[in-house]
Amino acid sequence: MTNRLAEAKSLYLRKHAENPIDWWSWCDEALATARVQNKPIFLSIGYSSCHWCTVMEGEAFSDLAIADYMNANFLPIKVDREERPDIDSIYMQALQMMSGQGGWPLNVFLSPEDLVPFYAGTYFPVDQRYGRPGFLQVLQALRRYYDTEKQDLQQRKALIIESLLTSAVLQDATTNEIEDRELLRQGWETSTGIITPNQTGNSFPMIPYAELALRGTRFNFESRYDGEQVCTQRGLDLALGGIYDHVGGGFHRYTVDPTWTVPHFEKMLYDNGQIVEYLAGLWSAGIQEPAFERAIAGTIEWLKREMTAPEGYFYASQDADSFTEPTAVEPKEGAFYVWSYSELQQLLTPEELTELQQQFTVSSNGNFEGKNVLQRRHVGQLSATLETALSKLFTVRYGASPESLETFPPARNNQEAKTANWPGRIPSVTDTKMIVAWNSLMISGLARAAGVLGQPPYLKLAAQAANFILDNQFVDGRFHRLNYQGEPTVLAQSEDYAFFIKALLDLQAANPEHKQWLEKAIAIQDEFNEFLWSVELGGYYNASSDSSQNLIVRERSYADNATASANGIAIANLVRLALLTDNLHYLDLAELGLKAFRSVMHRAPQACPSLFTALDWYRNSTLIRSTTEQLNSLVPKFLPSAVFAVVSDLPEGSVGLVCQGLKCLTPAESVDQLLQQVQESQNRGVGSRE
């Protein structure tokens, strides 16, 4: 028997449809019912490819004793964080305040009358283990606390809501501010230090930090870090490491070790878009390692084959786990991706296996539960022998050769995965929803790779996705975040606006003569300003004024996580729009946005690299006006704070015009002079006082 979630569009919510827990989705009716029945709300937040979310669904949320107690004493609500990042952000911050750590599943207990949390945690086992209490005991203790400790409950909630409100408002910037160029140096130094290789813990891509570190290499700051070396190493770790799928393409979420060897195997669209853009950035900066180009090409082949809908948009993610056989009860982590030594011996010739062992981390004992995750040992071009060997492994995994397999249909749920007649291995489940923000990150990556590597097909793929969003994500004149099989839903949030505007500007940058992308960006920016700009505080709220009624605070996110903060990207967009339109209102908003978050940048530079990227745009923004032919020759170059405008009326004898901020330089009479002006303009905000 199923519960209310059986009718949900979200794959994550539907995964809980057969739980004995009487789940609600987040809606007015659920919140009102909790108030009428005086039941504390159990709010559980996760996402479809989250491993420990899946574990808890199969354990605690499927336990009859837990369900009986939950249904009688709490109002249980399930939220897909990919649908509602605004809700997730608030309660994740509450968890971090209470416990000093975060993660998913995010399980929070709220008072029904005001939705303020009073307890929070992540994974709860059915029975006490891993140093964690059993979930039924947690529920019983919290219901007893809610009923009998009213005074303590109110005091606890008061502290939490005060902290949330204080965080949402932010402190004013101090009067003794450091100058922009010193602030930018501190931000760059911090981010470069964060991505410097270490010897402990998990390894995450952390692209917002790597992006700031890379763009800051042009400043030649005095530092204990060699910025170019650090940025190159991050690219090598990604392109050579086990985090990259060397057989099928695409990047996994992170590795569970500091050596970039064994991944947590889910593949997220947002990671892949950002990594493609970063590797293309390295290439444009002159760090042209063949492994970078191979990883970009392989990722885009994976995107076309497995993650692109017939309508042109990109799917959201693929699970870490997959079934080893149709009769298996539970999927197994990494099963689609790893190789036993005996398999390799059987599939490859002795020569191929010998070279694979020389170039990859392959052994008889394996490096992951007795099997092998492929990680490259050396840089450079792979030999024809190795490419043939990897092609054989591809054929076993997918049931067809790379050359013959153009598309690979998604397994949309566990039932499809187990019952479809797959010609190779059983694939992981793919979450096929379209998320505007994540599609936008991939569009940006494709546009940059197309421009840098001279690959028009990449640009065509990006344009298809952008046009799908433009044609399908507006309902009654309002921009929407999600699309489920042709149906748009959920009003767009700040990251959707910011990332999509950036994507449109990136498409224009890759092909400067196509001005329609700029026109669309301007229109969407107008809506963004109308519904999400904070007139009182500066910066953008996470959600629009007409979709925030049930939120206990309106946040303006500034912290970068797996993706850049919406405000960091949005402020940089405003500077770009100001340059391209000559509309100084955009520049005024950018200045107000940077002022709103300046205290955070000064106090916690480790939290907000994208705001420093925005500051770089503000200080060093450069507009290059020239002919289509001349600008196309500049597209592949490393010009991180430059925009291009095609003009036909250049001064006589000039090849281009460089404008910086509110002034233009002497018309350049040669390509060399133009490049020199551009390079000097890109560095003016950190070199000397203006």
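Residues numbered from 1 in each chain as written. Predicted model: local features only at pLDDT ≥ 70, side-chain atom pairs only at ≥ 80, totals over all residues. Heavy atoms only, no water.

**Concerning the environment of Asp319**
- Along the chain, the position of Asp319 falls in the loop between β9 (317-318) and β10 (321-322).
- Residues Asp319 and His252, 67 residues apart in the sequence, show an inter-C-alpha distance of 9.8 Å.
- Dropping the residues within four chain positions of it, Asp319 is found in contact with Lys15, Ser48, Ser49, Phe265, Glu266, Ser428 and Val429.
- Reaching out from Asp319, the side chain makes a polar contact with the side chain of Lys15 at a distance of 3.3 Å. (Helix = DSSP H or I, 4+ residues; strand = E, 2+ residues; numbered from the N terminus. Contact = heavy atoms within 4.5 Å. Polar contact = N/O pair within 3.5 Å; in protein donor to acceptor, adjacent residues only side chain to side chain.)

**Side note on the packing of helix α18 (residues 456-472) against helix α19 (residues 494-510)**
- In the contact formed by α18 and α19, the axes pass within 11 Å of each other and the chain directions differ by 140 degrees. Taken together, the axes of α18 and α19 lie oblique to each other. Classified by chirality, the crossing of α19 by α18 is left-handed. Listed contacts from α19 to Leu459, Ala462, Ala463, Ala466, Ile469 and Leu470 of α18 are Phe500, Leu504, Leu507 and Ala510.
- Class assignment of the residues belonging to the contact of α18 with α19 gives a composition of 10 nonpolar, no polar and no charged. (Axes fitted to C-alpha atoms, helices over the stretch in contact; angles between N-to-C directions. Parallel < 35°, antiparallel > 145°, perpendicular 65-115°, else oblique. Left-handed = near helix turned anticlockwise from the far one by under 90°. Nonpolar A, V, L, I, M, F, W, Y, C, P; charged D, E, K, R; others polar.)

**Observations regarding the pattern of salt bridges**
- Under the definition given, this model contains 37 salt bridges.
- Here Asp22 ties to Arg4 by a salt bridge, and the two come within 2.6 Å at their closest N and O atoms. You can see Asp22 sitting in the loop between α1 (11-14) and β1 (24-25) and its partner Arg4 sitting in the segment before α1, a full 18 residues away along the chain.
- In this structure, the salt-bridge partner of Glu182 is Arg185, at a minimum N-O distance of 3.0 Å. Of this pair, Glu182 and Arg185 both sit in helix α8 (residues 180-194), separated by 3 residues, roughly a single helical turn.
- Overall, Glu182 belongs to the partly exposed group, its relative accessible area being 29%.
- Judged by relative accessible area, Arg185 falls into the partly exposed class, the value being 23%.
- Residues participating in the shared-partner salt-bridge network are Asp80, Glu82, Asp431 and Lys433. (Salt bridge = Lys/Arg side-chain N within 4 Å of Asp/Glu carboxyl O. Buried < 20%, exposed > 50% of the residue type's maximum accessible area, 1.4 Å probe, protein only.)

**Topic: the packing of aromatic side chains**
- Within this structure, the stated rule accounts for 35 aromatic pairs.
- The interplanar angle of 45 degrees and the centroid separation of 4.6 Å between the aromatic rings of Tyr313 and Phe468 together place this pair among those described as tilted. Placement of Tyr313 in the loop between α12 (290-306) and β9 and of Phe468 in helix α18 is noted, with a sequence separation of 155 residues between them. For the pair Tyr313 and Phe468, a shared accessibility class is recorded, and that class is buried.
- In this structure an aromatic cluster arises from ring pairing among Trp23, Phe42, Phe61, Phe74, Phe109, Phe118, Tyr119, Phe124, Phe135, Tyr145 and Tyr146.
- The aromatic ring of Trp104 is capped on one face by Arg81, whose charged end is 4.0 Å from the ring centroid. (Phe/Tyr/Trp six-rings, centres within 6.5 Å; stacked < 30°, edge-to-face > 60°. Lys NZ or Arg CZ within 6 Å of the ring centre and 35° of its normal.)

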